[in-house]
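Tertiary structure, described
Next come the chains, spelled out residue by residue.
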Amino acid sequence: MADSGNTGAFVEFERVQKSYDGEILVVKDLNLSMPKGEFLTMLGPSGSGKTTCLMMLAGFETATHGEIRLDGVSINNIPPHKRGIGMVFQNYALFPHMTIAENLSFPLEVRKIDKSDREAKVMRALDMVEMGAFGGRRPSQLSGGQQQRVALARALVFEPELVLMDEPLGALDKQLREKMQFEITHLAHELGITVVYVTHDQTEALTMSDRVAVFEDGRIQQLAPPDKLYEEPENSFVAQFIGENNTLEGVVNEISGERAVVQLDSGDLIDCKPINVSKVGERTQVSIRPERVEFNVDRLQEGTHRLKAEVLEFIYMGDIFRTRLRVAGRDDFVVKTRNAPDQVRLQPGQEIEIGWLPEDCRALDA
Amino acid sequence: MSDSTATGPVLAADGTPLKKSLAQALRREKTRALLLIAPLLIFVLISFIFPIGKMLFRSVENDIVADTIPLTVVELAKWDASSGELPNEDVYAAMAADMVVAIAAKAHTRLGSRLNYEQTGLSSLFRKSGRAIKKWDLATDAPFKEKFLEIHDGWGTVEVWQTIQTHSGRKTSGYFLNAIDMQLSPDGPAAQPESKQILITLFKRTMIMSMIITISCILLAYPVAWILANLPARKANLLMILVLLPFWTSLLVRTSAWKVMLQQQGVINDILVWLGLVADADRLVMINNQTGTIIAMTHILLPFMILPMYSVMQTIPITYLRAAKSLGATNWTAFWRVYFPQSVPGIGAGSILVFILSIGYYITPEIVGGTKGVFISNRIAYHISSSLNWGLAAALGAILLALVLILYWAYDKIVGIDNVKLG
Ligand SMILES: Nc1ncnc2c1ncn2[C@@H]1O[C@H](COP(=O)(O)OP(=O)(O)O)[C@@H](O)[C@H]1O
Ligand SMILES: [Mg+2]
């Protein structure tokens, strides 16, 4: 936006570490670089250090080690109120003793913007989130969804280039959440702002983001666009954390380029694509998505290995069928099929054969 | 069923109107709740409300004159006090008759003490006269005017009779007038003589010093409450014990400790002299004056300020401050515009508590206040236990109560009582 020639990163974490107690590293060696205008989501289980990263970026926690840069400038020593970063908190943090309009006016007042400008900007921001009629109310007189919108408007009203959101939709019900997800992404793209969004809800992360950083135990496990993250997880944590996933364990039996054969602990052989394995004899967890499992033998590729399976349970879910199988000694293997007119409905007790395309089955770290 | 509900009143399952069955259900709950609080209610009524009501009633009650000398009161009512002449023989005869009865019941000295509040000397007049009148024979000794004048000159002064006449009503405003440094004279309310004017000064002093104490408590308690509210729970609990520690020591011990600390040969003066900040010759006077009272009472009432502040601050999440800073506010602006307004209910609750406790405080001003640092409550105590002028004590108490209620009302108008939170 500002200078189009600048190809450098807008937000950068370089070798950032954080410890609260001097004993445990909550954030371990974080490296991240975001271009301007990107919508990046930090996704991870509770306690994985997402909020801590956000707080370091906002300036409420100091990094124990490493450097955080904003637009090329190190911000380690800049106090929070001078960083000009908008922030939406999980519980909204709307000031209860001020009206909605006063809440929005606050960041403009501290910036010494004169009254008429202020009122215009507040009105514009409220209209942007369709809350124009509520300026005179207090936060406690609004519903959760309305408070959420106001919090968003307040974070945007002073026109920051970077906005941080820490699980902003966590307290809303499912329908409202989906609506707000759409509105937030829409607004972000329209205004061209850079967003760092924190959530533990993977659907939210996948639907909203340009890129998702999957956190675990203070590290980014994978940083990739949503489709890549889902289809090409780089390790077994990501594979299991994102979407539903079948895991089988075994040892690499053969390996050549893009193909590998894995001998499962039950003795069965399967074909897969080596990702984190490189030599024969290595232990591995193979990961296959439920919707990529095929039991219609006619559709399977010639010369690939197949597995025997017993149907344990058939669940009708409307748009899809979810079938649970016993495969290679495990009884948590799931197959998902689309509810199409010609789709087979498997019966419990039925003995079938299953298989998949070798490139859909990823041999990951053990 | 749906047909009937569409037109008539809504019915419950058993056919009774819903409103009625709801009222029945609620009544049962209310009765149960009432029974549960009944013991406390009765206790409070018997041991608190009733005695206080009775005590306050004494501030206007004046039965003693009309009960002790009923005939005199009737006769005296006919006398024109402004004429400047003594009452006639009828009044003296009635007085003689009343006195004989009163002396037999030993009631005349009490009447004397009562009237002595209004005019000094009446106590001894009644006591001395009692001895002589005891020997009189009502049937044969008339006329009595001469005889009264013989016993004591007092009976020959118009003022004495004026005083008796003025205070012969069964209800009196005299105590309240006394309480505000006035008196009930034959010509209506008038100012007390200069030498007796002390109570208004005391009221003012009580108010002003209580305000100073409240403000010092706010200033000292706010940072402590802030730290308590923002510390991790374990450390906060430890600090909390320190705050509550004073409650475990007797009030008397703590106040006496301040005497040791503050007196001229006390710890603080010694340290100041040792540091060279104060010359040995002019050590600071910090006790037996207002300074002493303010210091000791601020210390003693501090927990009552810290606790409500703490419990209110505890409910203010730290994210508000962070939100304010992320919006561009400096530390100070964030505190002043966002945190402080939310902590006001705690300040309000603490201030009301401390102020009300303070204006009624008695022990501490008594011990460290000297003459300049005592409160109105010390005067009330004096009238209750030393001068035995309970009527005046009751009037002072009633005024104090009214002042508290007025302040409470004003606070409600200005800040709003819903804005007071104890937690
Ligand atoms: N203020 C703090 N003091 C000490 N430990 C903290 C603090 N905040 C977070 N932690 C710890 O740091 C870890 C990461 O927390 P957090 O960043 O909040 O994770 P997330 O937001 O991913 O759930 C957790 O183990 C948490 O207990
Ligand atoms: Mg978090």
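Definitions and cut-offs
- Residues numbered from 1 in each chain as written.
- Chains lettered and ligands numbered in written order.
- Predicted model: local features only at pLDDT ≥ 70, side-chain atom pairs only at ≥ 80, totals over all residues.
- Heavy atoms only, no water.
- Helix = DSSP H or I, 4+ residues; strand = E, 2+ residues; numbered from the N terminus.
- Buried < 20%, exposed > 50% of the residue type's maximum accessible area, 1.4 Å probe, protein only.
- Contact = heavy atoms within 4.5 Å.
- Areas by Shrake-Rupley, 256 points an atom, 1.4 Å probe, with all protein chains shown as cover.
- Lys, Arg positive; Asp, Glu negative; His and termini not counted.
- Charge placed at Lys NZ, Arg CZ, Asp CG, Glu CD.
- 1 Å grid on protein atoms, 1.4 Å probe; cavity = no way out; pocket = protein on both sides within 12 Å on 5 of 7 lines; lining within 4 Å.
- Points joined across faces, edges and corners; volume = space filled by probe spheres on them.
- Nonpolar A, V, L, I, M, F, W, Y, C, P; charged D, E, K, R; others polar.
- Pairing = 2+ DSSP bridges.
- Axes fitted to C-alpha atoms, helices over the stretch in contact; angles between N-to-C directions.
- Domains from an automatic or database assignment.
- Buried area = accessible area lost by both parts, 1.4 Å probe.
- Core = buried A, V, L, I, M, F, W, Y, C linked by side-chain atoms within 4.5 Å.
- Near = heavy atom within 4 Å.
- Polar contact = N/O pair within 3.5 Å; in protein donor to acceptor, adjacent residues only side chain to side chain.
- Patch = residues over 30% accessible without salt bridge, like charges linked within 9 Å, V, L, I, M, F, W, Y side chains within 5 Å.
- Salt bridge = Lys/Arg side-chain N within 4 Å of Asp/Glu carboxyl O.

1. Focus on the overall build of chain A
- Each helix and strand in chain A was counted, giving eight helices and 19 strands.
- Overall size of chain A, expressed as C-alpha extent along the three principal axes, is 75 × 45 × 40 Å.
- For chain A, buried positions account for 48% of its 366 residues.
- Contacts in chain A between residues far apart in sequence, at least 24 positions, make up 66% of those at least 6 positions apart.
- Looking at chain A as shown, the accessible area adds up to about 17,000 Å², and 46% of this sits on carbon and sulfur atoms.
- Averaging the locations of the 41 positively and 57 negatively charged side chains of chain A gives two centres separated by 4 Å.

2. Let's talk about empty space enclosed by the protein
All names here are of chain A.
- Counted by the stated rule, this structure contains one cavity of 30 Å³ or more.
- What the largest cavity holds in volume is close to 40 Å³.
- Looking at the largest cavity, the residues that line it are Ile270, Asp271, His305, Arg306, Ile354, Gly355 and Trp356.
- Here the residues of the lining of the largest cavity sort into three nonpolar, two polar and two charged.

3. Structural notes on the sheet that holds strand E9 (residues 211-216) of chain A
Residues and elements named next belong to chain A.
- Read across the open sheet, the six strands follow the order E6-E7-E8-E3-E9-E10; overall the sheet is mixed. The open sheet has two edge strands, strand E6 (85-88) and strand E10 (219-224), and neither has a second partner. With strand direction ignored, the average angle separating the axes of adjacent strands in the sheet is 20°.
- Direction of pairing for E9 relative to E10: antiparallel, over a ladder of five bridges. Looking across to E10, one finds that valine 214 is bridged to glutamine 222.
- Relative to E6, helix H4 (residues 144-156) is tilted by about 170°, and along the sheet it contacts E6 and strand E7 (162-166).

4. Some words on the domain arrangement of chain A
Residues and elements named next belong to chain A.
- Structurally, chain A comprises domain 1 (11-236) and domain 2 (244-365).
- One C-alpha centre belongs to domain 1, the other to domain 2, and the line joining them spans 39 Å.
- With eight residues of domain 1 in contact, the opposing surface of domain 2 contributes nine residues.
- Between domain 1 and domain 2, roughly 730 Å² of surface is buried when both sides are summed, and carbon and sulfur atoms account for 39% of that area.

5. Focus on the nonpolar core
- Counting residues in each nonpolar core, the largest one holds 103 residues, and the members touching the most others are A:Leu57, A:Phe95, A:Phe106, A:Leu162, A:Leu164 and A:Val196.
- Among the elements that take part in this core, helix H15 (residues 290-314) of chain B stands out by supplying ten residues, more than any other.
- Those residues within four positions of A:Leu162 in sequence are excluded, and the remaining contacts are A:Phe10, A:Val11, A:Leu57, A:Leu70, A:Gly84, A:Ile85, A:Gly86, A:Thr194 and A:Val196.
- Membership of the second largest hydrophobic core comes to 26 residues, among which are B:Val65, B:Ile69, B:Leu76 and B:Ile103.

6. What to know about the site of ligand 1
All names here are of chain A.
- Close contacts around ligand 1 come from Tyr20, Val26, Pro45, Ser46, Gly47, Ser48, Gly49, Lys50, Thr51 and Thr52, and that covers them all.
- In this structure, serine 48 approaches ligand 1 through a main-chain N or O atom, which is 3.2 Å from an oxygen atom.
- Between ligand 1 and the protein, one listed contact pairs an oxygen atom with a side-chain N or O atom of threonine 51 at 2.5 Å.
- Relative to its free-state accessible area of 560 Å², ligand 1 is covered by the protein chains to the extent of 56%.
- Split into classes, the residues belonging to the shell around ligand 1 amount to three nonpolar, six polar and one charged.

7. Looking at a positive patch on the surface
Residue and element names in this part refer to chain B.
- Taken together, the side chains of Lys106, Arg127, Lys128, Arg131, Lys134 and Lys135 define a basic patch exposed on the protein surface.
- Residue placement: arginine 127 occurs in helix H7 (residues 122-133).
- The partly exposed category is assigned to arginine 127, whose relative accessible area is 41%.

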